[in-house]
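Structural features, examined
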Amino acid sequence: MTKRGKRTNLVHGGTKRSQWGEVSEAIFLTQGFVYDTAEAAEARFIKTGPDEYIYGRYGNPTVAMFEERMALLEGAEDAFATASGMAAVSGALSALLKAGDHVVSARALFGSCLYVLQEILPRFGVEVTFVDGGDLDAWRAAVRPETTLVFFESMSNPTLELVDIEAISAIAHAVGAWVVVDNVFSTPIYSKAIEQGADIVVYSATKHIDGQGRTLGGVILGPRDIIRGKIEPYMKHTGGSMSPFTAWVMLKGLETIDLRVRAQTAGAKAIAEAVDGHAKIQRVIYPGLASHPDYALAQRQMGAGGTMLSIVLGGGKAAAFRFLNALQVFVISNNLGDAKSIATHPATTTHQRLTPEQRAAMGFGDGLVRLSVGIEDPDDLVADILAALDAV
Ligand SMILES: *Cc1c(COP(=O)(O)O)cnc(C)c1O
């Protein structure tokens, strides 16, 4: 399997057929499993081997198919599927950390990730130091011999700054710390995170992996000894496992993710190029534009600019709201990675709880609109954006 190409693995990887020989992956919608004899039950509980299941929270054939397909895509030894992206982030951190440990994290994080690192981990005696993710000197200064783990999102939200996986992995590994990367904005299609030094890669599968706005899910990928030795015991006993129905939706999502993400990227690039220099826009932020400060890093790390772009309108909140309300194809929502194009005003929604000063420190204000580009015709998307700008 591993010798096959990415798209072939996305369609066939990890497939386990039942005795009925179904074409589409089966949903094993069952909580438990029956054993032929009492002896077989006893044996199963002594040691559960591959493709042997005892309870839905511990493992399920449909979920295992999703885990195998994801591991092939990421180039990871193994994977554990979770109920949501946050179950993946909090599970990975909780499974790897203990009281007395020190963590260094990038400051620009998804709100719930920030909550876990800032509010929850310290309650259990884990010290967390926050740094500017793009400042390698700050990472060097922050890691200490007792640093056990570093955490960051490889592309920040909503300012789309790249964090250098290779450089930070070298800094972390020099003190023996694990590198845990939340790679959602980079997408698993463009990820080479493990090759670049990450130990553990996590995704919210809710985003590009589902890609059609249906279910929440997540996945933790990494070396088999960590996934099966530390992550699986933590997740299966604390209850954050993925449901078989979700795994089935995600398997269907994986079949088309390469096509979707590449089409989304082409659309994002077309929009970025069309609005670059537009009179009503102060700044276009797209890592695939040569003018983006991290353009070279994006090319090296992802080989593409990705599916997200942000535009900064001159007239603050009023201008941003007029722009959003004039959109006809883009929908106003806060998800991302979807087949439908989505526009978000972070200052009043996803980042509403931050103070204006905190938003300014993250590099954005009331004029920023974040765009998650879908798979509609790029010409229609560009026309929608230009018409909405006319309305501003
Ligand atoms: C959405 C998201 C999460 C959380 O995922 P859920 O599936 O919503 O729990 C974590 N990190 C990043 C970067 C995200 O975009």
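Residues numbered from 1 in each chain as written. Predicted model: local features only at pLDDT ≥ 70, side-chain atom pairs only at ≥ 80, totals over all residues. Heavy atoms only, no water.

Considerations on the packing of helix 4 (residues 85-96) against helix 5 (residues 111-120)
In the contact formed by helix 4 and helix 5, the axes pass within 10 Å of each other and the chain directions differ by 20°. With respect to helix 5, the axis of helix 4 lies roughly parallel. Along this stretch, helix 4 crosses helix 5, giving a crossing that reads as right-handed. Taken together, the residues of helix 5 that come into contact with helix 4 (itself represented by Met 86, Val 89, Ser 90 and Leu 93) are Ser 112, Cys 113, Val 116 and Leu 117. (Axes fitted to C-alpha atoms, helices over the stretch in contact; angles between N-to-C directions. Helix = DSSP H or I, 4+ residues; strand = E, 2+ residues; numbered from the N terminus. Parallel < 35°, antiparallel > 145°, perpendicular 65-115°, else oblique. Left-handed = near helix turned anticlockwise from the far one by under 90°. Contact = heavy atoms within 4.5 Å.)

Here's the deal with the domain arrangement of the protein chain
Entries for the protein chain in the domain assignment read domain 1 (6-253) and domain 2 (258-390). Relative placement of domain 1 and domain 2: their C-alpha centres are 27 Å apart. Listed by partner, the interface residues are 33 residues for domain 1 and 36 residues for domain 2. Taken over both partners, the interface formed by domain 1 and domain 2 buries close to 3,000 Å², and the fraction arising from carbon and sulfur atoms is 57%. (Domains from an automatic or database assignment. Buried area = accessible area lost by both parts, 1.4 Å probe.)

Things to note about the pairing of strand 3 (residues 127-131)
Across 5 bridges, the pairing between strand 2 (residues 102-106) and strand 3 is parallel. By the bridge assignment for strand 3, Val 104 is matched with Thr 129. Tracing the backbone out of strand 2, into helix 5 and back to the parallel element strand 3 gives a crossover that is right-handed. (Pairing = 2+ DSSP bridges. Right-handed = clockwise from strand over helix to strand, strands pointing away.)

Quick notes on the packing of aromatic side chains
Here the structure, examined in full by the defined rule, presents 4 aromatic pairs. Aromatic side chains Phe 245 and Trp 248 sit 6.0 Å apart centroid to centroid with 35° between the ring planes, which places their arrangement in the tilted category. Separated by 3 residues within a single helix, Phe 245 and Trp 248 lie in helix 10 (residues 244-275), roughly one turn from each other. Accessibility expressed as a relative area gives 39% for Phe 245, which makes it partly exposed. (Phe/Tyr/Trp six-rings, centres within 6.5 Å; stacked < 30°, edge-to-face > 60°. Buried < 20%, exposed > 50% of the residue type's maximum accessible area, 1.4 Å probe, protein only.)

Here we look at the sheet that holds strand 3
The 7 strands are arranged 1-7-6-5-4-2-3 in an open sheet whose pairing can be described as mixed. Bordering the open sheet on either side are strand 1 (78-82) and strand 3, each of which pairs with just one other strand. On average, each strand axis in the sheet is inclined to that of its neighbour by 20°, with strand direction left out of account. Relative to strand 4 (residues 147-153), strand 2 runs parallel, the two being bridged by 4 bridges. The partner of Ser 105 across the bridge, within strand 4, is Phe 151. Those strands touched by helix 3 (residues 61-74) are strand 1, strand 6 (200-204) and strand 7 (218-222), and its axis lies near 130° from that of strand 1.

Here's the deal with the pairing of strand 4
Of all 7 residues in strand 4, 7 are buried, a share of seventy percent or more. One ladder, built from 5 bridges, connects strand 4 with strand 5 (residues 178-182); its direction is parallel. Each bridged residue has a counterpart across the sheet, and for Val 150 the counterpart in strand 5 is Val 179. In this view, the connection linking strand 4 to its parallel neighbour strand 5 by way of helix 7 (residues 165-174) has right-handed handedness.

Quick notes on the UniProt feature "modified residue: N6-(pyridoxal phosphate)lysine" (unreviewed entry) in the protein chain
As annotated by UniProt and renumbered to match this structure, "modified residue: N6-(pyridoxal phosphate)lysine" (unreviewed entry) occupies Lys 207. Its place among the elements puts Lys 207 in the loop between strand 6 and strand 7. The contact partners of Lys 207, leaving out residues within four places of it in the chain, are Phe 110, Val 184, Asn 335, Leu 336 and Gly 337. (UniProt positions renumbered as here; feature names shortened; annotations may be inferred.)

Focus: the site of the ligand
Of all residues adjacent to the ligand, which total 13 residues, the nearest are Met 86, Asp 182, Ser 204, Thr 206 and Lys 207. Thr 206 places a side-chain nitrogen or oxygen 2.5 Å from an oxygen atom of the ligand. Contact distances for the ligand include 2.8 Å between an oxygen atom and a side-chain N or O atom of Lys 207. Alone, the ligand offers 380 Å² of accessible surface; in the complex the protein occludes 92% of this. Of the residues contributing to the shell around the ligand, the split by class is 5 nonpolar, 5 polar and 3 charged. (Near = heavy atom within 4 Å. Polar contact = N/O pair within 3.5 Å; in protein donor to acceptor, adjacent residues only side chain to side chain. Areas by Shrake-Rupley, 256 points an atom, 1.4 Å probe, with all protein chains shown as cover. Nonpolar A, V, L, I, M, F, W, Y, C, P; charged D, E, K, R; others polar.)

As for the pattern of salt bridges
Close approach of charged atoms allows side chains with opposite charge to pair. Scanning all chains against the criterion turns up 20 salt bridges. A salt bridge links Arg 144 to Glu 127; the nearest nitrogen and oxygen atoms lie 2.7 Å apart. Pair noted here: Arg 144 is in the loop between helix 6 (136-142) and strand 4 and Glu 127 is in strand 3, with a separation of 17 residues, a long-range link. Residue Arg 144 is classed as partly exposed on the basis of its relative accessible area of 26%. Taking the relative accessible area as the measure of exposure, Glu 127 reaches 42% and is therefore partly exposed. When the shortest N-O distance is used, the salt bridge between Arg 228 and Glu 232 registers 2.6 Å. Here the residue Arg 228 and the residue Glu 232 both occupy positions in helix 9 (residues 224-238), the gap between them amounting to 4 residues, near one helical turn. Relative accessible area serves as the criterion here: at 28%, Arg 228 is assigned to the partly exposed category. For Glu 232, a relative accessible area of 15% translates into the label buried. The network of salt bridges with common partners includes Glu 67, Asp 78, Arg 224, Arg 228, Glu 232 and Lys 236. (Salt bridge = Lys/Arg side-chain N within 4 Å of Asp/Glu carboxyl O.)

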